[in-house]
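These are the residues of each chain, in order.
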Amino acid sequence: MVELSKKTQQHLPYNYQYALASALYKIFDLEDEQLAENLHSNRSGKFFTFSWIQYQRGTSKNGLDFKNAWFYVSSPDNRFINVGARGLLNHPYLLLNGIPLEVTGLEAMEVVKMGGVARFRTLSPIYLKKIVETTRDKRFLDLYPGNEEWEKMLRRNLVSKFESYTRERCGDIDFHVKQINRVKRKRMDIAGSYRRCAMLEFTVESDPDLLRFGYDAGFGEKNAMGFGCVEVMDQC
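Scoring rules and cut-offs
The residue numbering used here restarts from 1 in each chain and proceeds along that chain's sequence as written. The predicted origin of the model limits local features to residues at a pLDDT of at least 70 and limits the giving and counting of side-chain atom pairs to 80 or more, whereas totals for whole chains, interfaces and linings rest on all residues. Each side-chain value is worked out from all heavy atoms of the structure, with water and hydrogens disregarded. Fitted lines through C-alpha atoms give the axes, limited to the stretch in contact for helices. The angle between two N-to-C directions lies from 0 to 180 degrees. Counting from the N terminus, the helices are the DSSP runs of H or I reaching at least four residues and the strands are the DSSP runs of E reaching at least two. By the definition adopted for this analysis, an angle is roughly parallel if under 35 degrees, roughly antiparallel if over 145, roughly perpendicular if from 65 to 115, and oblique otherwise. Any two residues whose heavy atoms approach within 4.5 Å are treated as being in contact. We call Asp, Glu, Lys and Arg charged. Ala, Val, Leu, Ile, Met, Phe, Trp, Tyr, Cys and Pro are nonpolar, and the rest, Gly among them, are polar. In this scheme, a helix's expected span is set at 1.5 Å multiplied by one less than its residue total. With a 1.4 Å probe rolled over the protein chains alone, any residue whose accessible area is under 20% of its type maximum counts as buried; one over 50% counts as exposed, and the rest are partly exposed. Between rings of Phe, Tyr and Trp, where Trp is taken as its six-membered ring, a pair exists when centres lie within 6.5 Å; planes separated by under 30 degrees are stacked, by over 60 edge-to-face, and by other angles tilted.

Caption draft 1: Structural context of the packing of helix H1 (residues 17-31) against helix H2 (residues 33-41). Across the interface, H1 lies against H2 with an axial gap of 6 Å and an inter-helix angle of 140°. Considering the angle they form, H1 stands oblique to H2. Between H1 and H2, the residues in contact are Tyr 25, Phe 28, Asp 29 and Glu 31 and Glu 33, Leu 35, Ala 36, Leu 39 and His 40, respectively. Class assignment for the residues of the contact of H1 with H2 results in five nonpolar, one polar and three charged.

Caption draft 2: Quick peek at helix H4 (residues 150-166). Helix length check: H4 (17 residues) gives 24 Å between terminal C-alpha atoms against 24 Å at 1.5 Å per residue, within 8%. The set of residues buried in H4 consists of Trp 150, Met 153, Leu 154, Asn 157, Leu 158, Val 159, Lys 161, Phe 162 and Glu 163. On its buried face, H4 is in contact with strand S11 (128-133), strand S12 (138-143), strand S13 (175-190), strand S14 (193-206) and helix H5 (208-217). Directly after H4, the chain includes Arg 167, whose backbone phi takes a positive value near 60°.

Caption draft 3: Region of interest: unusual backbone geometry. Phi at Ala 191 is positive, roughly 55°, even though this residue is not glycine. Tracing the backbone through its elements, the reader meets Ala 191 in the loop between S13 and S14. According to the relative accessible area criterion, Ala 191 is exposed, its value standing at 55%. In this model, Lys 222 sits at a positive phi of 55°, which is unusual for a non-glycine residue. Here Lys 222 lies in the loop between H5 and strand S15 (230-235). Residue Lys 222 is classed as partly exposed on the basis of its relative accessible area of 37%.

Caption draft 4: Just the packing of aromatic side chains, in detail. Going through the model one piece at a time under the given rule, you end up with twelve aromatic pairs. Centre to centre, the rings of Phe 162 and Phe 213 are 5.5 Å apart; their planes meet at 75°, and the pair counts as edge-to-face. With a gap of 51 residues between them, Phe 162 in helix H4 and Phe 213 in helix H5 connect regions that are remote in the sequence. A single burial state applies to Phe 162 and to Phe 213, both of which are buried.

As structure tokens, this is what we get:
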């Protein structure tokens, strides 16, 4: 968990995900050039995610209004976590859309033991898409929970990232979304490109290692842009 303080009275604009991702990449550029280069060049996947900024004050039409806040960064890669923590301690300021945020503290979260069934709550929205081919061209169609292909794409994306990270084939691993609740559709602006995505609670039955990877690296696409970060509500 990364604790933040905002000294200015300016409100943070709602669409800050791209700015926060850029600020985190800058930290890695300053702290470990080799790791930063690997992150920039890795087309098969960037195995980390981060949550929306959490805060205790209200919002307004102008953006987020807070004095103190926090967000979570998660990855299955211990080197990434260690370098990120060291970088935030050595360079304790993040500039988001022209608004400086001071890093006032870091806290390592308790390790979660994962079973074969887990109920998750999103801390940042899950983004998934599919390719739709027409007689003229092909285009991307963003998917919301409830779409008949949402679960298939959720599984495909997670297995693909897991295989890329572990360099092992999963085969026909079971993956079943048992329940979906509290869906809130979102439309996020990422560097001028809008992504339709969703906050939700969902229960999944699958291999514990695969579920753990989803918890650590994020569910869905664009995790390194702040999509698909989750917390565990309960499990068995």
